[in-house]
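What the coordinates show
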Amino acid sequence: QVQLVESGGGLVQAGGSLRLSCGASGGTLSNYRMGWFRQAPGKQREFVAGIRRSFSTTDYADSVKGRFTISRDIAKNTVFLQMNTLRPEDTAVYYCAAASSDLALRAAASFNYWGQGTQVTVSS
């Protein structure tokens, strides 16, 4: 059973940066397709970024493309989400997720394991 723990959230001004981390126990993250999702108050959880096992192929939602970067450090068994040029509309709880399948899917239902989330608040 993989357990995921996010960290790195906080309060930042618009235009600033944050780096989220997702650490794991009970599994090696390089064996999983990893994703970051976010959920703002009153909205559905949405896909933000993903990285596949195969060739570490990455995928991004259009709203964050060019501003966010997903990466992983195999030695540290950690996945990161570097968020630059943050906007107030990026405010949400951010979740890390792991999937056993390596299909190029953005659907939350395709992920098997979830972290508890970390709050990101961007002030204008």
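A brief structural summary. Since the model is a prediction, treat every value here as computed from it, not as a measurement. (Residues numbered from 1 in each chain as written. Predicted model: local features only at pLDDT ≥ 70, side-chain atom pairs only at ≥ 80, totals over all residues. Heavy atoms only, no water.)

Digging into the state of the cysteines
Applicable threshold: In plain terms, two cysteine sulfur atoms within 2.5 Å form what is called a disulfide here. Helix and strand labels come from DSSP, where a helix needs a run of H or I of at least four residues and a strand needs a run of E of at least two; each type is numbered from the N terminus. For every residue, the accessible area (1.4 Å probe, protein chains only) is compared with the maximum for its type, and the residue is labelled buried under 20%, exposed over 50%, or partly exposed between those bounds.
Under the definition given, this model contains 1 disulfide. Residue Cys 22 pairs covalently with Cys 96 via a disulfide, S to S 2.0 Å. Judged by the sign of its S-S torsion, about -75 degrees, the cystine formed by Cys 22 and Cys 96 is left-handed. Separated by 74 residues along the polypeptide, Cys 22 in strand E3 (residues 18-25) and Cys 96 in strand E9 (residues 92-99) bring together distant segments of the chain. By the burial criterion, Cys 22 is buried, and Cys 96 matches it.

Quick word on the nonpolar core
This is how the line gets drawn: Throughout this description, the term nonpolar core refers to a set of buried Ala, Val, Leu, Ile, Met, Phe, Trp, Tyr and Cys residues connected via side-chain atoms within 4.5 Å.
Grouped together as the largest cluster of nonpolar side chains are 35 residues, with contacts concentrated most on Leu 4, Met 34, Trp 36, Leu 81, Met 83 and Tyr 94. Going through the elements one at a time, E3, strand E4 (33-39), strand E5 (46-51), strand E7 (68-73), strand E8 (78-83), E9 and strand E11 (118-123) are the ones with two or more residues in this core. In terms of residue count, E9 provides more of this core than any other element does, 6 residues in total.

Thoughts on the pairing of E3
Our working definition: Pairs of strands are assigned from DSSP output, requiring at least two bridges between the strands.
Across 5 bridges, strand E1 (residues 3-7) lies against E3 in antiparallel orientation. Directly across from Leu 4, in E3, lies its bridge partner Ala 24. As defined by bridge partners, E3 adjoins E8 across 6 bridges and the pair is classed as antiparallel. Within the sheet, the bridge partner assigned to Cys 22 lies in E8 and is Val 79.

Function-wise, these values are silent; they only describe arrangement.
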